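Commentary on secondary and tertiary structure
Here are the chains, one letter per residue:
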Amino acid sequence: MAKVTIIGAGQTGATTAHWLAERQLADLVLIDIVEGMPQGKALDLTEAMPVIGSDVRVIGTNDYSDTAGSDIVIITAGLARKPGMSRDDLLAANSKIVGEAVEKSIKVSPDAIFIILTNPLDAMAYLAKKVSGLPRERVVGQAGILDSARMQAFVAMELGVSVDNVNCYVLGGHGDDMVPLTRHSNVAGIPLDVILPSDRLKAIVERTRKGGGEIVSLLKSGSAFYAPSAALMQMVEAILLDRHLIVPASAYLEGEYGQEGIYFGVPVQLGRGGLEKIIQYQLNDEENGELERSANHVREVIESLPL
Ligand code: APR
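Residues numbered from 1 in each chain as written. Predicted model: local features only at pLDDT ≥ 70, side-chain atom pairs only at ≥ 80, totals over all residues. Heavy atoms only, no water.

**A few points about the packing of aromatic side chains**
The final tally for this structure, using the stated rule, is 4 aromatic pairs. Seen in terms of ring centroids, tyrosine 252 and tyrosine 263 are 5.7 Å apart; in terms of plane orientation they differ by 50 degrees. Their pairing is tilted. With a gap of 11 residues between them, tyrosine 252 in strand E12 (residues 245–254) and tyrosine 263 in strand E13 (residues 260–271) connect regions that are remote in the sequence. Relative accessible area serves as the criterion here: at 18%, tyrosine 252 is assigned to the buried category. Here tyrosine 263 falls in the buried class, since its relative accessible area comes to 0%. A cation over an aromatic ring shows up here: lysine 129 above the ring of tyrosine 252, its NZ or CZ 4.6 Å from the ring centre. (Phe/Tyr/Trp six-rings, centres within 6.5 Å; stacked < 30°, edge-to-face > 60°. Helix = DSSP H or I, 4+ residues; strand = E, 2+ residues; numbered from the N terminus. Buried < 20%, exposed > 50% of the residue type's maximum accessible area, 1.4 Å probe, protein only. Lys NZ or Arg CZ within 6 Å of the ring centre and 35° of its normal.)

Structure below.
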């Protein structure tokens, strides 16, 4: 059985463990700074396994030695947004937490692939690569599946069609200037700008960009966790099952999409080695301009990292 460690056993970490345990993809370790909480959640999940018929082992711990030999390390540890905050406002606090989590986990799991979720996402993925010294194949950030899934949900609701018929691709930084590619998105093969009136499409694009904030405002404390954790589960599955699955994710760019030296949301292919390939879309000037703006923002946040 593969081994997956989830650092941060809060809302997103614990829900990721829930999705993964159900899929019976790997033995799971939940680790958190809070004593007793990861142990309690792991035990509760373990007690659910007989009901759902899954034989995975789930343990909770505060000790990194229990995470040794992990195939995948997921980082969800850190503060979540409060209403009125942007993801960038979390930079200082979360840099410290993510840096420490990477340092401690890489020592005992030198062969692991890292998936970062903590915000501000693109900067935290950059930090994880820097601290670990790993090649870009082994450090990816989760954002694009979530942003695209939000857009897909809104389109499916608008048109009353199955979510399975809706394909959306949201690229760029994981912030309010993310880039929903409406020309490349479609419903059963029909481009979104053909199937939806332009005002409705515009509203969906706006709602997608602010999708995280919408949930933060509703929850009042904490941020979204069901959809983010489902997205993590899809990435883990793609890697462990060597699916060669193409999904939008935050990857370290070395010239792709005209960008160098930043983590940024692009279509990537995931398999057992982690990031196998970055897929290049044919974009028009307007789309390239939007990506450029988003990349400039990500670069500014990365430059303010305490490195
Ligand atoms: N080591 C391990 N765990 C830590 C550390 C640390 N140094 N510091 C904090 N944590 C834990 C907290 O104790 C908490 O259990 O991280 C967990 C975070 O969980 P939540 O507060 O429930 O936050 P969550 O909604 O899961 O969001 C986590 O994901 O989407 C992003 O913006 C969000 O950055 C945030 C992260």
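**With respect to helix H10 (residues 285–303)**
Taking 1.5 Å per residue, 19 residues should reach 27 Å; H10 reaches 26 Å between its end C-alpha atoms and fits that length. Along H10, the positions that sit buried rather than exposed are Glu287, Leu291, Ser294, Ala295, Val298, Val301 and Ile302. Looking straight down H10, one finds that the buried residues subtend no more than 115 degrees of arc, so they occupy a single side. Of the exposed residues in H10, those oriented more than 90 degrees away from the buried face are Asp285, Glu286, Arg293, Glu300 and Glu303. In the core, the buried residues of H10 are packed alongside helix H3 (91–108), helix H4 (121–132), strand E8 (170–171), strand E9 (179–180) and E13. (Expected span 1.5 Å × (residues − 1). Arc of directions from axis to C-beta. Contact = heavy atoms within 4.5 Å.)

**A look at the side chain of serine 294**
Here serine 294 lies in helix H10. With near-sequence residues (within four places) excluded, serine 294 lies in contact with Gly172, Gly173, Asp177, Met178, Val179 and Phe264.

**Things to note about the site of the ligand**
The full set close to the ligand counts 21 residues, and Gln11, Thr12, Asp32, Leu79 and Asn119 are the nearest of them. A distance of 3.3 Å separates an oxygen atom of the ligand from a polar backbone atom of glycine 78. In this structure, an oxygen atom belonging to the ligand sits 3.5 Å away from a side-chain N or O atom of asparagine 94. Compared with its free state, where it exposes 730 Å², the ligand has 85% of that area covered by protein. Of all the secondary-structure elements, those providing two or more residues to the shell around the ligand are helix H1 (11–23) and H3. Looking at the shell around the ligand, its residues break down into 9 nonpolar, 10 polar and 2 charged. (Near = heavy atom within 4 Å. Polar contact = N/O pair within 3.5 Å; in protein donor to acceptor, adjacent residues only side chain to side chain. Areas by Shrake-Rupley, 256 points an atom, 1.4 Å probe, with all protein chains shown as cover. Nonpolar A, V, L, I, M, F, W, Y, C, P; charged D, E, K, R; others polar.)

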